[in-house]
Amino acid sequence: MPKLKTKSGAKKRFKVTATGKVLHAQRGKRHGMIKRTKKQIRQLRGTRVLFKTDGDNVKKYFLPNA
């Protein structure tokens, strides 16, 4: 059985912490910033933790070596 490769799109979008939680950037900051209010842009800074079940799926299917 060959080794499982990490999905290259997933390694750019997710990070697994030491305790096993999965961090992700918030949605809505890629383009169209003119439409967003200053408050929205401010509040979308930083990263968030995925829900546990979603994080488990990301680790299982997209980041098998994390």
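Refer to the structure printed above.
Read on for an overview of the structure.

Quick notes on the rules
- Once a new chain begins, its residue numbering starts again from 1 and follows that chain's sequence as written.
- Confidence filtering applies because this is a predicted model: local features only for residues at pLDDT of at least 70, side-chain atom pairs given and counted only at 80 or more, and all residues used for totals across whole chains, interfaces and linings.
- Each side-chain value is worked out from all heavy atoms of the structure, with water and hydrogens disregarded.
- Candidates for patches are residues over 30% relative accessible area with no salt bridge; among them, like charges are joined within 9 Å and nonpolar side chains (Val, Leu, Ile, Met, Phe, Trp, Tyr) within 5 Å.
- Using a 1.4 Å probe, accessible areas were evaluated by the Shrake-Rupley method; residue-level cover was limited to the displayed protein chains.
- The salt bridge criterion pairs a side-chain nitrogen of Lys or Arg with a carboxyl oxygen of Asp or Glu, the two atoms within 4 Å.
- In this tally Asp and Glu are treated as negative and Lys and Arg as positive; neither His nor the chain ends contributes.
- A charged residue contributes its charge at one atom only: NZ of Lys, CZ of Arg, CG of Asp or CD of Glu.
- Only DSSP runs of H or I reaching four residues or more are called helices, and only runs of E reaching two or more are called strands; each is numbered from the N terminus.
- By nonpolar core is meant a set of buried Ala, Val, Leu, Ile, Met, Phe, Trp, Tyr and Cys residues that side-chain atoms within 4.5 Å join together.
- Throughout this description, buried means an accessible area under 20% of the type-specific maximum (1.4 Å probe, protein chains only), exposed means over 50%, and partly exposed covers the range between.
- Residues are treated as being in contact if the distance between any of their heavy atoms lies within 4.5 Å.

**Quick look at a positive patch on the surface**
1) Next: Together, K11, K12, R13 and R30 line one region of the surface with positive charge.
2) Next: The residue R13 is located in helix α1 (residues 8–13) in this model.

**Some details on the nonpolar core**
1) Next: Counting residues in each nonpolar core, the largest one holds 5 residues, listed as A10, V22, L50, V58 and L63.
2) Next: In this structure A10 touches F62 and L63, once residues within four positions along its chain are discounted.

**Comments concerning the pattern of salt bridges**
1) Next: Applying the stated criterion to the full structure yields 1 salt bridge.
2) Next: For K52, the salt bridge is made with D56, and the minimal N-O distance between the two is 3.1 Å. With K52 and D56 both in helix α3 (residues 52–62) and 4 residues apart, the pair spans about one turn of that helix.

Function cannot be inferred from these measures alone, as they are strictly geometric.
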